Amino acid sequence: MPLLSLAMLAIAIPFNMNNIRSMVATDGSNGFCVPLTNNNNGIVYTTFAAIGTSSVPQPLALVVDTGSYVLVAASTYCTQRACLNHRRFDSNMSSTFVEEAPNNAFLLRYGQGNITVHDASDQVAFLGLERATTPIHESKLVDIGLMSDQTLRGFSDAPYDGIMGLGKRKTTELNHQAFLEDMEIEGFTLCLGDPELHGDGIGGRLEMQSMLDVGNPYVTLSTIGKYVWGAMLDHVSVPGQPPLAHCSALSECASIIDSGTTLLLFPEPVVDSLYYTIEDGCAESDCLLTLQNQTTCSGPHFDGLPQLELRVGGQMLTLPPRVYMGEMEVDVPTTKEIKVGNTEVSVPWYTPGVRCIPLLSTIDEQTTYGPMVILGMPFLRHYSVYFNRTTWDMSVAEIKEGSDVCSKCGAPTAEQAATKSAEPSASMPLPAAMNAMPVASAISLQPGGDPWGSNMNDGGEPAPIRTTTDSSDKPASRPGAVASASVVTGAQWGGPMKTSLLRGPSLFGVPSILESEQSGWLNLNEAQPASDSKPRRLWVL
């Protein structure tokens with residue numbers, strides 16, 4: 001599937017409103033469903049909203065992000081080349097537009113870069129579909145951050161024009177109401193469907209003001225934090241294997257459920273231990289090593305993989321292999337013969353190829369509750385999550401395997417038929433997706449694998465595998481997003497491949513402090529760091 005068109009939509013395609021009404025699943029008079037569109041095989045999910053005067057609405061594709069809480073939109077204030085590739089809100093076309101502070105600009109910090117915005121307000125309504133012309137819910141006057149400058153990695157080709165913050169706050173740093181507060185949303189359910197299903201409004205759903213029935217009961221998590229949708233993680237294991245020492249009852253981690261993160265992110269010791277534990281818990285031998293040489297996640301080595309067990313917010317949750325494994329296009333290290341003078345020599349090289357690898361990545365961030373964990377999109381494909389903005393609770397329900405309840409709003413229609421990719425590389429190769437999406441620099445490297453320099457390990461062999469950033473064969477020359485746990489030996493891998501996040505957590509609006517600024521967070525019974533030691537930065541969740 002190609003990237004969404006980034007041209008400004010002057011005229012929307014007429015749409016039969018009988019179809020959109022059939023998609024709206026309600027629970028009471030105020031409930032409605034907002035469809036999400038899957039872009040780039042589950043790399044990012046967007047929905048359309050109309051901004052501005054109802055007579056001349058301006059549709060923009062917005063990425064849904066439970067890690068932030070402001071509505072940010074590309075606008076004509078931004079004249080960067082990257083912004084010109086997008087639909088941009090033009091305030092001159094809206095009679096209801098109000099600029100709150102004409103002479104001031106504000107900086108918003110996200111995981112993929114910064115956005116400078118003008119503080120404004122205007123009418124906003126959910127459209128859901130790209131081709132929709134009539135809102136599925138009445139518009140509300142909403143505070144908006146209009147983009148005037150940005151440093152978001154990959155934004156030029158990204159399939160979204162802005163960010164729809166669904167985070168855990170009622171107010172913003174500018175002392176305005178958060179987006180969902182302006183929209184008068186008291187609670188919502190978010191879940192995602194099969195990442196290989198594509199189509200306008202196909203991929204996921206936001207059930208506003210209600211708890212979506214997914215066929216299994218919801219259980220309530222004990223939550224933490226004022227700024228994020230978080231819960232403590234105190235158990236990680238696979239059946240029949242000892243639980244991990246990290247993110248345990250004696251060493252708890254703070255998990256955040258984030259729709260804006262592509263993968264499952266854990267501290268590096270957890271990821272490293274999981275590779276060994278998954279391998280030990282597999283019914284076959286060398287499961288991960290075998291699968292990473294396959295183009296599909298199938299066969300006896302995939303069927304033999306164990307489930308992951310996570311205790312989140314006091315509830316034991318499981319993730320099957322179909323959730324934590326995935327088919328991704330990566331740069332596979334190999335060698336290439338080149339001529340140096342009159343001599344043929346072999347040099348390290350990377351060639352793109354689809355492989356079945358774990359959708360795990362490392363994150364090295366500390367919070368006031370412990371090391372940070374991000375439960376991203378894979379989690380939301382297995383669990384439907386209800387976010388209660390009245391009690392600030394989160395409740396989760398396991399989605400029945402094979403159900404398409406989270407792939408769309410209501411029943412599919414002829415005009416909105418979902419299509420499924422035959423294979424990931426045919427519909428949307430990840431090289432293009434990687435160019436389109438911001439890439440964080442969380443890299444997990446085996447000692448000796450150096451993506452920054454020579455591309456050779458200490459044994460003179462190719463450096464670890466990584467995600468590709470270009471569809472052509474080329475020598476590696478920049479930090480990678482996939483690495484192996486150990487080095488290559490000939491054509492065989494000495495360890496499983498690892499993947500790094502494609503889109504990472506925004507953490508916008510989450511304050512942080514230096515650990516030394518509050519002695520209450522220091523264990524006074526332990527030796528304190530030397531005075532010249534750099535204090536850790538803690539996220540105040």
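Since the model is a prediction, treat every value here as computed from it, not as a measurement.

Draft legend 1. Region of interest: the overall build of the protein. A tally of helices and strands in the protein yields 10 helices and 34 strands. For the protein, with 541 residues in total, the buried portion stands at 57%. Here the protein displays about 21300 Å² of accessible surface, and carbon together with sulfur accounts for 50% of that area.

Draft legend 2. Seen up close, the pattern of salt bridges. This structure, assessed with the given rule, holds 11 salt bridges. One salt bridge in this structure joins K408 and D404, with 2.3 Å as the shortest N-O distance. By relative accessible area, D404 is classed as partly exposed at 40%. If you follow the salt bridges from partner to partner, you end up with R87, E130 and D161 in one network.

Draft legend 3. Representation of helix α4 (residues 268-281). Compared with an ideal rise of 1.5 Å per residue, which puts 14 residues at 20 Å, α4 spans 20 Å between its outermost C-alpha atoms and is within 8% of the ideal. Taken as a whole, α4 has its buried residues at V270, V271, L274, Y275, T277 and I278.

Draft legend 4. Seen up close, the nonpolar core. By size, the foremost hydrophobic cluster in this structure holds 75 residues, and its most contacted members are F266 and L305. In terms of residue count, the dominant contributor to this core is α4 (five residues). Core analysis: the next-biggest nonpolar cluster, separate from the first, contains 19 residues, V70, V72, C78 and Y160 among them.

Draft legend 5. Representation of the state of the cysteines within the structure. One pass over the structure, following the stated rule, counts six disulfides. Disulfide pairing places C33 opposite C409 at an S-S distance of 1.9 Å. Here the disulfide of C33 and C409 is left-handed, its torsion about the S-S bond being about -70°. On the criterion of sequence distance, the pair formed by C33 in strand β1 (residues 32-39) and C409 in the loop between β26 (394-398) and β27 (419-420) is long-range, its members being 376 residues apart. Pair check on accessibility: C33 and C409 agree, each one buried. Between the sulfur of C247 and that of C253 lies a disulfide, 2.1 Å long from S to S. Torsion about the S-S bond of the C247 and C253 cystine: about -85°, corresponding to left-handed handedness. C247 gets classed as buried once you look at its relative accessible area, which sits at 0%. In the protein, the bonded cysteines, numbered by position in the sequence, are linked as 1-12, 2-3, 4-11, 5-6, 7-8, 9-10.

Draft legend 6. Expanded view of the packing of aromatic side chains. Here the structure, examined in full by the defined rule, presents eight aromatic pairs. When the centroid spacing of 5.7 Å and the interplanar angle of 45° are considered together, the rings of F32 and F126 count as tilted. Here F32 is found in strand β1, whereas its partner F126 is found in strand β7 (residues 113-128), with 94 residues between them in sequence. Note on accessibility: F32 and F126 belong to one class, buried. Ring geometry for W229 versus W392: centroids 5.8 Å apart, planes at 45°, classification tilted. On the criterion of sequence distance, the pair formed by W229 in the loop between β14 (223-224) and β15 (230-237) and W392 in the loop between β25 (383-388) and β26 is long-range, its members being 163 residues apart.

Draft legend 7. Quick peek at the confidence of the model for the protein. Of the residues in the protein, 72% have a pLDDT of 70 or more, and the chain-wide mean is 76. In this model residues 421-494 is a low-confidence stretch, pLDDT under 50, and it forms 199 contacts with partners more than four residues away in sequence or in other chains.

Draft legend 8. Region of interest: the side chain of T367. Looking at where T367 falls in the secondary structure, it is placed in strand β23 (residues 366-367). Engagement of the side chain of T367 in a polar contact is seen with the backbone nitrogen of Y369, the distance being 2.9 Å. A distance of 2.7 Å separates a polar atom in the side chain of T367 from the backbone oxygen of G370.

Draft legend 9. Quick look at unusual backbone geometry. Of note, N41 is a non-glycine position whose phi angle comes to about 55°, a positive value. A relative accessible area of 15% places N41 in the buried class.

Draft legend 10. Inspection of the environment of R537 at higher detail. Along the chain, R537 falls in strand β34 (residues 537-539). The exposure class of R537 is partly exposed, given its relative accessible area of 43%. Separated by 171 residues in the primary sequence, R537 and Q366 place their C-alpha atoms 6.9 Å from one another.

Draft legend 11. Inspection of the pairing of strand β2 (residues 44-51) at higher detail. Most of β2 sits out of view: eight of its eight residues are buried. Judged by which residues are buried, β2 turns out to be covered on both faces: V44, T46, F48 and A50 on one side and Y45, T47, A49 and I51 on the other are all buried. Bridge count between β1 and β2: three bridges; the pairing is antiparallel. Each residue of the ladder has a partner; that of N38, found in β2, is Y45. Between β1 and β2, which pair antiparallel one after the other, the connecting turn spans four residues, and N40 there sits at a positive phi close to 60°. Count of turn residues in the β2/strand β3 (residues 58-65) antiparallel hairpin: six residues, of which G52 carries a positive phi of about 110°.

The rules behind these values
- Per chain, residue numbering runs from 1 following the sequence as it is written.
- Totals for whole chains, interfaces and linings use every residue, but because this is a predicted model, local features are given only for residues with pLDDT of at least 70 and side-chain atom pairs only at 80 or more, for both listing and counting.
- Side-chain descriptors were evaluated using all non-hydrogen atoms of the structure, hydrogens and water having been removed beforehand.
- Here a strand is any run of E in DSSP of at least two residues, a helix any run of H or I of at least four, and the numbering for each starts at the N terminus.
- Burial status follows relative accessibility: with a 1.4 Å probe on protein chains alone, a residue under 20% of its type maximum counts as buried, one over 50% as exposed, and anything between as partly exposed.
- Using the Shrake-Rupley algorithm and a 1.4 Å probe, accessible areas are obtained, with residue cover drawn only from the displayed protein chains.
- We count a salt bridge whenever a side-chain nitrogen from Lys or Arg sits within 4 Å of a carboxyl oxygen from Asp or Glu.
- Multiplying one less than the number of residues by 1.5 Å gives the expected span of a helix.
- By nonpolar core we mean a set of buried residues, namely Ala, Val, Leu, Ile, Met, Phe, Trp, Tyr and Cys, connected to one another through side-chain atoms within 4.5 Å.
- By definition, disulfides here are pairs of cysteine sulfur atoms that lie within 2.5 Å.
- Side-chain rings of Phe, Tyr and Trp (the six-membered ring for Trp) are treated as a pair once their centres are within 6.5 Å; stacked means planes under 30 degrees apart, edge-to-face means over 60, and tilted covers the remaining angles.
- Per residue, pLDDT measures the predictor's confidence, with a range of 0 to 100.
- The criterion used for residue contact is that any of the two residues' heavy atoms lie within 4.5 Å.
- Within 3.5 Å is the distance limit for a polar contact, defined as a pair of N or O atoms, with the added protein rule that one can donate a hydrogen and the other accept it, and that residues adjacent in sequence qualify only through two side-chain atoms.
- If DSSP finds at least two bridges between two strands, the strands pair.

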